[in-house]
Amino acid sequence: MKTACFYDSSIFPWTSSFVGAYGEVRREVERQARVMTPVYASHHESIEGTPAKKHRWLTSTLVFFTIRNTVAINAMTSTSALLDQVPGLVTAMLVRMEGGTHLKAHRGYSPDTLRCHFGVVVPEPDACVLRVEDEERKWAEREWLVFDDYLEHEVWHRGTEPRTILLIDVVRPESVVEPQRIARDFFTLKPGTRFDEELARVAGPTQWLEWVEMGQFPVEA
């Protein structure tokens, strides 16, 4: 039986709150975009014929496997208040993709979550395509894409302007497992989860588990 690739966002009633607050979310996202950092350089490449850029995929993390980034959260008070109302929240971050970028085929971290993308800044909605298995979708501002990121997926941004989304991972609606349990399973390297080299460069699993128990990343003095 084929696993569903995409889901209607109505399975998560909380998504409508973000649509209603789109203007304020966008203002906060655009401010926070100034401090985004590049990630997973080996996962993306320039689409042939586009100008070369050093960094094409950048993020700003608010929550990662229940670990809160208090600096980013405090800078985005309206968005953070909305996130506080999301049941089963596991991860939340901003993700910007520059034009002319191909995000190579990859799979997500955990089989216990679904990924939700909220289109915040999408100036060229026809230029940016997400493929999950054999299905494709496009982003649009004020709209959600909900999909199973544990399946193989990739992205082509054939436009020229940056596309920025709010990425949220939540516990699957059919699951009764708690977000902290998912986080602990992930950082104890439970079979089926995907702890990768990029995360290992930040810290080992034991340190990540300590942050899960703390509930936040350490704040530099």
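Residues numbered from 1 in each chain as written. Predicted model: local features only at pLDDT ≥ 70, side-chain atom pairs only at ≥ 80, totals over all residues. Heavy atoms only, no water.

### Comments concerning the overall build of the protein chain
Right, on to step 1. If you tally the helices and strands in the protein chain, you get seven helices and 13 strands.
Right, on to step 2. Its C-alpha atoms put the protein chain at 45 × 45 × 35 Å along the principal axes.
Right, on to step 3. Evaluated residue by residue, the protein chain yields a buried proportion of 50% over its 221 residues.
Right, on to step 4. For the protein chain, the proportion of contacts with a sequence separation of at least 24, taken over those separated by at least 6, is 77%. (Helix = DSSP H or I, 4+ residues; strand = E, 2+ residues; numbered from the N terminus. Buried < 20%, exposed > 50% of the residue type's maximum accessible area, 1.4 Å probe, protein only. Contact = heavy atoms within 4.5 Å.)

### What about the nonpolar core?
Right, on to step 1. Counting 36 residues, the largest nonpolar core has F64, F65, L130, W139, F187 and W208 as the members making the most contacts within it.
Right, on to step 2. Contributing elements (two or more residues each) for this core: β4 (57-64), β6 (89-97), β9 (128-132), β11 (144-147), β13 (163-171), α5 (179-187) and α7 (205-214).
Right, on to step 3. When sequence neighbours within four positions are dropped, the list of residues in contact with W139 reads H117, V122, P125, C128, V129, L130, L145, V155, R163 and I165.
Right, on to step 4. Formed by 30 residues, the second largest nonpolar core is a distinct cluster that contains Y22, V25, L83 and V120. (Core = buried A, V, L, I, M, F, W, Y, C linked by side-chain atoms within 4.5 Å.)

### Focus: the pairing of β4
Right, on to step 1. Here β4 lies mainly inside the structure; eight of its eight residues are buried.
Right, on to step 2. Where strand β2 (residues 37-38) lies against β4, two bridges are found, and the strand directions are antiparallel. Looking at the pairing, T37 lines up with T59 of β4.
Right, on to step 3. Bridging between β4 and strand β5 (residues 67-68) involves two bridges; their strand directions are antiparallel. If you follow F64 over to β5, its bridge partner there is I67.
Right, on to step 4. The loop that links β4 with its antiparallel partner β5 comprises two residues; one of these, F65, has a positive phi angle of about 45 degrees. (Pairing = 2+ DSSP bridges.)

### Quick word on the pairing of strand β7 (residues 101-106)
Right, on to step 1. Across three bridges, the pairing between strand β3 (residues 44-46) and β7 is antiparallel. The partner of S46 across the bridge, within β7, is T101.

### Structural notes on α7
Right, on to step 1. Those residues of α7 not exposed but buried are W208, W211 and V212. Seen end-on, α7 carries its buried residues on one side only, within an arc spanning 105 degrees. Turned more than 90 degrees off the buried face of α7, the exposed positions are T206, E213 and M214.
Right, on to step 2. Buried residues in α7 make contact with β4, β5, α5 and α6 (197-202).
Right, on to step 3. Once α7 finishes, G215 follows within two positions and takes phi at roughly 85 degrees, a positive value. (Arc of directions from axis to C-beta.)

### Structural notes on unusual backbone geometry
Right, on to step 1. Notably, F65 is not glycine yet its phi reads approximately 45 degrees, a positive angle.
Right, on to step 2. We classify F65 as buried; its relative accessible area is 3%.
Right, on to step 3. With phi around 70 degrees, R142 is a residue other than glycine that occupies positive phi space.
Right, on to step 4. Within the secondary structure layout, R142 lies in the loop between β10 (135-138) and β11.

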